[in-house]
Structures are given as C-alpha cells and as structure tokens.
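What follows is each chain in one-letter form.
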Number of protein chains: 2
Amino acid sequence: MYNENDFHYLYATMNTNATDLYQSWLSSLQNSGYRLTETRRALVEILAASSHALSAVELYDLGRRECPRLGLVTVYRTLEKLEELGLIQRVHQPGGCHMYLRAAQGHQHLLLCTACGRAEYFDGDDLSTFMNSVADQSGFDVRDHWLQLFGLCQQCRDHDL
Amino acid sequence: MYNENDFHYLYATMNTNATDLYQSWLSSLQNSGYRLTETRRALVEILAASSHALSAVELYDLGRRECPRLGLVTVYRTLEKLEELGLIQRVHQPGGCHMYLRAAQGHQHLLLCTACGRAEYFDGDDLSTFMNSVADQSGFDVRDHWLQLFGLCQQCRDHDL
DNA sequence: CAGATAATGACACTCCTTTTCATTTACACC
DNA sequence: GGTGTAAATGAAAAGGAGTGTCATTATCTG
Ligand SMILES: [Mn+2]
Ligand SMILES: [Mn+2]
Ligand SMILES: [Zn+2]
Ligand SMILES: [Zn+2]
C-alpha cells in the first residue's frame, strides 16, 4: 500500500489548501495554549499536506527528515493533541492498527484506495430514510453511523491499464 | 459497556436459534477436519449464543467458567479457526482492538448499542445509486463499503426512562 | 485398544502504544 | 534582551494485544 521509499506524493499534493490547513492548525494549537515547537511544526506540515492516512511510524519516518532527533513518543503525543482539537481523526484499518488523517469537514465520509492508500472525503450521503426504517424494525434509537468506501483511485486505475 | 459481573444476558438469549448455530458450527469444524474438544465446544457455545460482540479476554473469562484450565492462547486459536470458516467476524471498536461476533448472513451490516454493546445485523441497505454518484465525482472505482450504525437498543432506552 | 496427529497450555516473544522522568525549550513577564 | 516557569522533548521502561514454539495431552481412525 504505502511505499517506504516514495515520499513524492507528500509534497506533490502540497497546495494552497494544505498551506492554509497548516497555518490554521498552528493557530488552533496556539489558541489552546499549546506551544509551537520546531518538531510540532514539522509534524503538522506533513499531516496537513498528506493525501494518505499515515500510521504513527510513517509519520515518524517522515518527521525525522526534518527533525532527526525526533522520538516516536513525540509523534504519539502530537497526534493525541491534534485529535483532541478535532484537526485529525483516526482511520481504522482492516488489519487492526490506526492511521491518521485530517478530520472530515462536517458530515463527510471516507473513500480509500485499496492499492495506494489515498484517502478522500465525500459528502452528500443521505441515509436518513434508511436509518429510520432500521430504527423502526430494530427498536434501536439510531444516533450515529460509520461509513467507509473502498476502491481504486483514478491514478491506480490508470496505472493498471 | 460490558460488565464483568453480569453474564446473565448470555444464557438469557440462548434460544433455538443459538442452539442451531452451535450445532452447525460444530459440524462445520468437524467437516473441515478439526476435532471437537471440550474447550472448543464451550467457546463455540458462548460465541453462538452471545448477543454482544466479545473481546478475546471476555471470551477467555466466560470460557474459564466451563473450562478452568483454559488458556488465552487457545481462545485466539479458536477464534482464528472460526473466522477462517466464516462463522464469526471481527468487529472493529472505536478504541482500537477487536471483538468477535457471529458472521453476517449475506449482505448485512451491524447496529451496535453504545450503552450495553448489544449487536444486531440489519439488511436492506441499497447504496448503489449513491455509490455510483460518488464514483462519478471522485474517479474512484468503488468496490466495497463498510457501514456500521450506532445507537441505543430497546432495553437500554427502557432502562433510561 | 493403539497409533497418528491435532489441540492444548505455559512461556517467551513481537508489535503498537502509554507512562515515567530528567533535560531542554518556548513563551510570558519584567 | 534576560529570567523564571511550565510545557515539550527524548530515552528508557512498562503495558496490552496478539503470535510463535514446544513438550504434553486429548481426539479421532482403524
Ligand atoms: Mn453519512
Ligand atoms: Mn451495504
Ligand atoms: Zn490509489
Ligand atoms: Zn443496549
């Protein structure tokens, strides 16, 4: 899925959108009383620019390019704070462990490429009528839902041709 | 969510349906060349009768009531075989680790009670038109989806009144 | 009943994540 | 610009979930 030696995608997708995210995440950290360190800036920059969900170790490896002294513990602590502020979210992998990705904006769900790991959000799903019928049949008070789609992204489809 | 001292639910929900499941799972194991041991019968009985997804440790604790010498490793090995035969499936918890539950029949999805952990399957979801529109907009070839609903089951709603 | 082999439990190990603690760093205040 | 204080860091150790190894035990076949 994710290739250790292929970090091009990270900065290839670094657009104004990602730069804005980067700045707003730094502000968000600062407004919550957290300090801005070199390490933290580096990790935030990587996460805000990534088109893939990243595991803690992947983020650790990417982070050490900027901050060679970086420790894995700091990665986990940074992820914890960004998640607490609602800036990133965990993505559950079929295998078991977590990856991390910028959080959804409002009511969005994930679309994941099973070949390269690319993650995109989509919106516009309206499950309300369906959920009402499930509620009626089951007696449950349905309060939340969790929807993820899996498939092949445009690039991976092209690559396969 | 799940109370260590409250195993009533397990046998309270033991109905003919669960008894049938129990017998068919044993047959399934036998037909695949696996042997029927006392330990295995006990674990299968618990899983087939459970209305909740169980963690490995929960299953371990329940199993030791019947087989005090039971080891946690045996629990994992039994879960592995039952999953391999398609009789149970993993349920991903928001927290991270897995729980295990009888497998879905055909195209079904899960409905989980956030208060007591009760798990029920439902069917009848038709996301095809929605998934087509997502595919069009994203360029993804959407091949699979993962849907879980969360809410309060009838019992927990009554209990709250 | 006896032999072949699957299953078990104890132990040790790996992997991911969290805790602890001494040191370093950022930021508020003067 | 210094200075003090509390937050952040990295190293090391601990924790929890899950897997591998191996000698012993139990199941099934004939
Ligand atoms: Mn939705
Ligand atoms: Mn479906
Ligand atoms: Zn892809
Ligand atoms: Zn409930």
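Keep in mind that what you see is a predicted model, and the values were worked out from it rather than measured.

**Student:** Even after reading the chapter, I still don't get the coordination of the zinc ion (ligand 3), so can you show me in this structure?
**Tutor:** In an ideal tetrahedron of four donors about a metal, each angle is 109.5 degrees. In an ideal octahedron of six donors, the angles are 90 or 180 degrees. All names here are of chain A. Taken together, Cys 113 (SG), Cys 116 (SG), Cys 153 (SG) and Cys 156 (SG) make up the full set of protein donors to the zinc ion (ligand 3), lying 2.2 to 2.4 Å away. Donor residues binding the zinc ion (ligand 3) come from one chain and are separated in sequence as C-x2-C-x36-C-x2-C. Placement of the pair is Cys 113 in strand 3 (residues 109-113) and Cys 153 in the loop between strand 5 (141-152) and helix 7 (154-160), with a sequence separation of 40 residues. Comparing Cys 113 with Cys 153, the two get one shared label, buried.

**Student:** Even after reading the chapter, I still don't get the nonpolar core, so can you show me in this structure?
**Tutor:** Inside soluble globular proteins, nonpolar side chains tend to come together where they are buried. Formed by 32 residues in total, the largest nonpolar core has its most connected members in Leu 147 and Leu 149 of chain A together with Leu 147 and Leu 149 of chain B. Broken down by secondary-structure element, the contributors of at least two residues to this core are strand 3, helix 6 (128-138) and strand 5 of chain A together with strand 3 (109-113), helix 6 (128-138) and strand 5 (141-152) of chain B. Dropping the residues within four chain positions of it, Leu 149 of chain A is found in contact with Leu 110, Leu 111, Leu 112 and Phe 122 of chain A together with Met 131, Val 134, Val 142, Asp 144 and His 145 of chain B.

**Student:** Can you walk me through the layout of surface pockets in this structure?
**Tutor:** Empty space among the atoms becomes visible once a probe the size of a water molecule is rolled across them. Approximately 510 Å³ is the volume found for the largest pocket. Lining the largest pocket we find 25 residues, and of these Pro 94 and Phe 150 of chain A together with Asp 144, His 145 and Trp 146 of chain B sit closest to its centre. Going through the elements one at a time, strand 3 of chain A together with strand 1 (88-92), strand 3 and strand 5 of chain B are the ones with two or more residues in the lining of the largest pocket. The element best represented in the lining of the largest pocket is strand 5 of chain B, accounting for 5 residues. When its residues are assigned to classes, the lining of the largest pocket shows 14 nonpolar, 9 polar and 2 charged.

**Student:** I keep staring at the sheet that holds strand 4 (residues 119-122) of chain B and nothing clicks. Help me out?
**Tutor:** Picture the strands of a sheet paired through backbone hydrogen bonds; they go either parallel or antiparallel. Strands sit in the order 4(A)-3(A)-5(A)-5(B)-3(B)-4(B) across an open sheet of 6 strands; the sheet is mixed. Two strands lie at the open edges of the sheet, namely strand 4 (119-122) of chain A together with strand 4 of chain B, each paired on one side alone. Ignoring strand direction, the axes of neighbouring strands in this sheet form an average angle of 25°. Both strand 3 of chain B and strand 4 of chain B contribute to a ladder of 4 bridges, which runs antiparallel. Residue pairing for strand 4 of chain B: Leu 110 of chain B is matched across the bridge by Tyr 121 of chain B.

**Student:** Looking at this structure, I do not really get the protein's contact with DNA strand C. What am I missing?
**Tutor:** In the vicinity of DNA strand C lie 20 residues, with Leu 36 and Tyr 76 of chain A together with Arg 40, Thr 74 and Arg 77 of chain B positioned nearest. The protein-proximal atoms of DNA strand C, defined as those within 4 Å of the protein, are 65% sugar or phosphate. At 3.1 Å from a phosphate oxygen of DNA strand C is found a main-chain nitrogen or oxygen belonging to Arg 69 of chain B. A distance of 3.4 Å is found between a phosphate oxygen of DNA strand C and a backbone nitrogen or oxygen belonging to Leu 70 of chain B. For the surface near DNA strand C, the residue count by class is 7 nonpolar, 6 polar and 7 charged.

**Student:** Before we go on, may I ask you to explain the coordination of the zinc ion (ligand 4) in this structure?
**Tutor:** Residue and element names in this part refer to chain B. Around the zinc ion (ligand 4), the protein supplies Cys 113 (SG), Cys 116 (SG), Cys 153 (SG) and Cys 156 (SG) as donor atoms, at distances of 2.2 to 2.4 Å. Relative to the metal, the 4 donor atoms surrounding the zinc ion (ligand 4) lie at angles of 104 to 115°, and the coordination shape comes out tetrahedral. Site description for the zinc ion (ligand 4): donor spacing in sequence, C-x2-C-x36-C-x2-C. This pair shows no difference in class: Cys 153 is buried, exactly as Cys 156 is.

**Student:** What is the right way to look at the packing of helix 4 (residues 56-66) of chain A against helix 5 (residues 72-84) of chain A in this model?
**Tutor:** The packing of two helices is summarised by the inter-axis angle and the distance between the axes. Residues and elements named next belong to chain A. At a minimum axis distance of 9 Å, the contact between helix 4 and helix 5 shows a crossing angle of 115°. If you check the angle between helix 4 and helix 5, you find them roughly perpendicular. Between helix 4 and helix 5 lies a crossing of right-handed hand. Contacts between helix 4 and helix 5 involve Ala 56, Leu 59 and Tyr 60 on the former and, on the latter, Leu 72, Val 75, Tyr 76 and Leu 79. The residue makeup of the contact of helix 4 with helix 5, split by class, is 7 nonpolar, no polar and no charged.

The rules behind each value
Note on numbering: residues in each chain are counted from 1, in written sequence order. The naming scheme follows written order: chains are lettered A onward, ligands numbered 1 onward. Since the coordinates come from a predicted model, pLDDT governs what is reported: local features require at least 70, and pairs of side-chain atoms require 80 or more to be given and counted, while whole-chain, interface and lining totals use all residues. Side-chain measures were taken over the full set of non-hydrogen atoms in the model, leaving aside hydrogen atoms and water. Each metal site is built from N, O and S donor atoms within 2.8 Å (3.2 Å for Na, K and Ca), and since water is not included, such sites may look incomplete. Numbering of helices and strands runs from the N terminus; a helix is a DSSP stretch of H or I covering at least four residues, while a strand is a stretch of E covering at least two. Whether a residue is buried, partly exposed or exposed follows from its accessible area with a 1.4 Å probe, protein chains only, as a fraction of its type maximum: under 20%, in between, or over 50%, in that order. The set of buried Ala, Val, Leu, Ile, Met, Phe, Trp, Tyr and Cys residues whose side-chain atoms join them within 4.5 Å is what this entry labels a nonpolar core. In what follows, residue pairs with any heavy atoms lying within 4.5 Å of each other are defined as contacts. Here a cavity means grid points, on a 1 Å grid over the protein atoms only, where a 1.4 Å probe fits yet cannot get out; a pocket means an open set of points with protein on both sides within 12 Å along at least five of seven lines; lining residues are those with an atom within 4 Å of a point. Grid points are joined across faces, edges and corners, and a volume is the space filled by probe spheres set on the points. Polar here means any residue other than Ala, Val, Leu, Ile, Met, Phe, Trp, Tyr, Cys and Pro, which are nonpolar, and Asp, Glu, Lys and Arg, which are charged; Gly is therefore polar. Between any two strands, at least two bridges found by DSSP are needed for them to pair. Between the N-to-C directions of two axes lies an angle of 0 to 180 degrees, each axis being a line fitted to C-alpha atoms and, for a helix, fitted only over the stretch in contact. Any residue with at least one heavy atom within 4 Å of a molecule or strand is counted as near it. As used in this structure description, the phrase polar contact means that two N or O atoms lie within 3.5 Å; if the pair is within protein, one of them must be able to donate a hydrogen and the other to accept it, and residues adjacent in sequence are counted only when both atoms belong to side chains. By the criteria applied here, four donors are tetrahedral when all angles lie between 85 and 135 degrees, four are square planar and six octahedral when opposite donors are over 155 degrees apart and every other angle lies between 65 and 115, and any other arrangement is irregular. When an angle is under 35 degrees it counts as roughly parallel; over 145 it counts as roughly antiparallel; between 65 and 115 it counts as roughly perpendicular; any other value is oblique. Here a crossing is called left-handed whenever its near helix is offset anticlockwise from the far helix by less than a right angle, and right-handed whenever the offset is clockwise.

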